[in-house]
Every structure is written in C-alpha cells, then in structure tokens.
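Below are the chains, spelled out letter by letter.
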Amino acid sequence: MGKKSSIYDIAQKLGITASTVSRALRDHSNISDEVKRKVNEVAKELNYKRNTIAVNLKQGNTRTIGVVIPQLNRHFFSSAINGIEEAASEAGYNVIICQTRNDVTQEKKAVQMLSESVVDGFIISVVTDVSDYAHFRTLQDQGIPVVFFDRYPMSDEFVRISIDDFSASREAVMHLASKGRTRIFHFAGDASVSIWHERTRGYCSAMQELGIEIAPGWIFKNTLNLEAGMRAAEMMIATHNIPEAIFSSSDHPLLGAMSAFKKQGFRIPEDIAVVGYGNEIFTPFTEPSMSTVDQHSYEMGKQAFTHLLRSMEGTDVPRQIVLPHELIVRESSFLPGC
C-alpha cells in the first residue's frame with residue numbers, strides 16, 4: 001500500500017499553504033469557492049482521507065465511546081448495544097465494543113486499552129467475579145465519565161442504570177403464588193453480582209411475605225445456563241424433591257429444566273409452573289412459551305448513552321437510574337381458568 005495523502009500533498013500540488021487547504025476542506029467562509037473547488041478536486045484525485053480522530057482530538061474529544069460487556073451471545077446485551085449505537089449515532093458518536101467473556105482480567109485490559117485510545121466515556125456491564133473496582137476508579141481519577149448498566153459495582157459511588165430487580169423478582173414470585181403454588185424453587189446467580197443478589201433478595205422477600213418457609217434444597221445457586229438447569233431438574237427428580245413452580249434469575253436454565261421435566265412426564269405448567277428472567281429471543285417459541293421478566297434492554301442501552309452524554313457534557317446525572325420492567329405472562333405459568 002502506498003503512503004496516505006496529506007493536506008501537505010494537496011497544498012504542494014496547488015501551490016498554496018497547508019492551512020489554506022485545511023480551511024478549504026472545512027468549508028471555511030474566508031476561502032473562496034474557487035479555491036474550495038480546486039482543493040476538493042485534488043483531494044479526490046489523491047484519494048485524501050480526513051483523519052477524523054485527529055481533528056476531534058484537537059477539539060478536545062474523539063466523539064467515541066467505549067462499551068465493555070461480558071458477552072455478546074446474549075439477546076439482552078445485543079439488544080442493549082443496538083440501543084446504545086442508535087442513540088450514539090444520532091448524537092454523532094462512534095462506538096467501540098469490547099467483550100470480556102466474563103473474565104475480570106479481560107475487563108481490566110479492555111478498560112485500559114480504551115482509555116489509552118482516548119475515548120470520551122464508557123458504558124460498562126461488569127463481569128461476575130469483580131470485587132476490586134480500582135480500574136473503574138482510575139477512570140474517575142482521569143475524568144472519564146462512566147455509566148454502568150444492568151450489572152454494576154456494589155458501590156454507590158458509580159452512576160448505574162438498571163431495572164428494579166428486587167421488585168421484578170418479587171412480582172414474578174407473587175404471580176406464581178397467585179396460581180396456588182407454594183413450593184416455589186429458585187435458580188439463583190452469583191450473589192456477589194448486583195443483579196443476581198437483588199433477584200434472590202426479591203424471591204426471599206416475596207416468600208417471607210407469603211408466609212412460605214424456604215426449605216433446604218429450594219434454592220439452586222449459580223444455576224444460570226442450560227446445562228446447569230438440566231442438572232438441577234434431574235437432581236430434583238432423582239431425590240423426589242419436586243417443585244410446584246420455579247422462578248429463575250435467567251431464562252437459559254429453564255430451557256434445560258423444562259426439557260428434563262418433560263422427559264419424565266411432568267407437565268408444564270400443570271405440574272410445574274416456571275418464570276424466567278430476561279425475555280431472551282427464544283422465550284416465545286419454547287413449548288410451552290416461557291413467562292419471563294422483560295428488562296427492556298434496547299431502551300436501557302439508549303438511556304445509558306443519554307446519561308453518559310449528559311455526563312460528558314458536564315451535566316450532573318443521578319447516581320441511580322431505575323427503568324420500568326414488565327412481567328410477561330405466557331403459557332409456562334398460566335392455566336386458563338386459574
């Protein structure tokens with residue numbers, strides 16, 4: 001590949017100064033239309049490409065934000081990114097996305113790399129095993145605005161945007177109880193992560209409010225994927241510890257659990273009603289269709305950028321932004337006439 005053309009090449013060919021070329025390319029009012037025409041013709045001839053990042057850096061910003069997420073292969077995150085990118089595009093910002101694969105070392109590397117690339121701000125959803133927030137505090141010390149969404153550090157010092165996971169979980173459990181279910185089991189996530197801590201807390205609070213004692217073997221910890229859900233269901237069947245309902249902190253383990261139960265002749269929702277969390281793209285198409293909590297991830301992404309933009313512009317934003325959730329009742333937890 002040949003050397004990239006610069007404004008100096010254009011200036012040399014036209015016999016004018018580089019500053020004149022620069023002003024002409026920016027359509028400056030002090031440059032005549034004739035000079036602008038000649039500059040643009042030569043720029044096209046030389047295949048000159050304007051270095052937008054360099055221009056923005058001179059203006060004190062890059063108009064680029066960094067988005068750091070645990071994984072791309074979840075509908076929640078892909079939908080949230082869609083919202084972020086749409087809002088960013090409307091505001092004239094570019095987006096760089098880094099996937100940490102739920103590894104704190106990769107998260108730290110991504111944050112360092114993007115901050116060194118002079119992004120103007122960050123939107124982050126943290127990994128499950130993060131307990132040291134030093135890399136986030138470093139961004140604050142550097143004056144780089146950060147907005148956390150969905151998963152956030154368990155500290156009030158950071159701006160975060162999420163739904164009320166506690167209330168959403170409580171509502172899901174109350175819905176199951178309204179169908180006459182009392183043996184309500186729970187698939188839980190890592191309690192050190194904000195969202196799963198709050199979802200389990202919502203489950204426990206609802207059960208206490210209902211006057212139902214949570215017996216040993218009703219809560220399955222760190223059960224968040226299909227395989228874990230299948231193993232949990234197989235264990236319930238093997239030990240004759242059969243629930244009347246399951247509230248899961250994620251939709252994914254219910255795929256495995258529903259399959260295992262149905263293989264053994266259990267009917268859903270007649271024998272076991274289930275409600276998941278996340279409204280993953282497959283939930284309307286399971287058999288039966290899966291009831292779930294919708295986090296409205298697309299809107300969460302748009303709101304995350306909106307609040308980041310305000311912060312980058314120097315406007316104070318609230319530390320906690322809570323968006324509405326929606327309990328979507330489908331066939332897995334609903335029997336006509338009940």
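Provided above is the structure to which this section pertains.
Described in the following lines is the structure provided in the data block. Every chain's residues receive numbers from 1 upward, in the order its sequence appears when written. Residue-level local features of this predicted model are given only where pLDDT is at least 70; pairs of side-chain atoms are given and counted only at 80 or more, and the full residue set underlies all totals for whole chains, interfaces and linings. Only heavy atoms go into the side-chain values, all of them from the structure, while hydrogens and water stay out.

1. Regarding the pairing of strand β9 (residues 273–277)
Working definition: with a 1.4 Å probe on protein chains only, accessible area under 20% of the residue-type maximum means buried, over 50% means exposed, and in between means partly exposed. Secondary structure elements follow DSSP: runs of H or I no shorter than four residues count as helices, runs of E no shorter than two count as strands, and numbering proceeds from the N terminus. Extensive coverage of β9 is indicated by the burial of five of its five residues. Covered by surrounding structure in β9 are A273, V275 and Y277 together with V274 and G276, the residues of both alternating faces. Note that strand β8 (residues 245–248) and β9 share three bridges and pair parallel. Bridging across to β9, I246 finds its partner in V274. When the strands point away from the viewer and the connection leading from the first strand across the helix to the second strand turns clockwise, the crossover is called right-handed. In this region the chain leaves β8, passes through helix α11 (residues 252–263) and returns to the parallel neighbour β9; the handedness of that crossover is right-handed. Pairs of strands are assigned from DSSP output, requiring at least two bridges between the strands.

2. As for the packing of aromatic side chains
By convention, a stacked pair of Phe, Tyr or Trp rings (six-membered ring in the case of Trp) has centres within 6.5 Å and planes under 30 degrees apart, an edge-to-face pair has planes over 60 apart, and any other such pair is tilted. In this structure the tally under the stated criterion is 13 aromatic pairs. Each ring, one from F148 and one from F158, has its centre 5.3 Å from the other, and the planes form 75°; the classification is edge-to-face. In this pair, F148 sits in strand β4 (residues 146–149) while F158 sits in the loop between β4 and β5 (159–163), placing the two residues ten residues apart along the sequence. Each residue in the set Y133, F136, F148 and F158 is aromatic and connected to the rest through ring pairs, giving one cluster. The ring of Y277 carries R199 above its face, with NZ or CZ at 3.7 Å from the centroid. Two thresholds decide whether a charge sits over a ring: the Lys NZ or Arg CZ must be within 6 Å of the ring centre and within 35 degrees of the ring normal.

3. Focus on the packing of helix α5 (residues 75–90) against helix α12 (residues 297–312)
Only the stretch in contact is used when fitting a helix axis, every axis being a line fitted to C-alpha atoms; angles between N-to-C directions are given from 0 to 180 degrees. One can describe the packing of α5 onto α12 by two numbers: an axis separation of 7 Å at closest approach and a directional angle of 40°. In terms of orientation, α5 and α12 fall into the oblique class. Handedness of the crossing formed by α5 with α12: right-handed. Where α5 abuts α12, its residues H75, F76, S79, A80, N82, G83, I84, E86, A87 and A88 lie against S297, Y298, M300, G301, K302 and F305. Only Asp, Glu, Lys and Arg are considered charged in this grouping, and only Ala, Val, Leu, Ile, Met, Phe, Trp, Tyr, Cys and Pro are considered nonpolar; every other residue, Gly among them, is considered polar. Partitioning the contact of α5 with α12 into residue classes produces eight nonpolar, six polar and two charged. Any angle between 65 and 115 degrees counts as roughly perpendicular, while under 35 counts as roughly parallel, over 145 as roughly antiparallel, and the rest as oblique. Each crossing is labelled by how the near helix is turned from the far one, with a counterclockwise turn of less than a right angle marking it left-handed and a clockwise turn marking it right-handed. It only takes one pair of heavy atoms within 4.5 Å for two residues to be counted as in contact.

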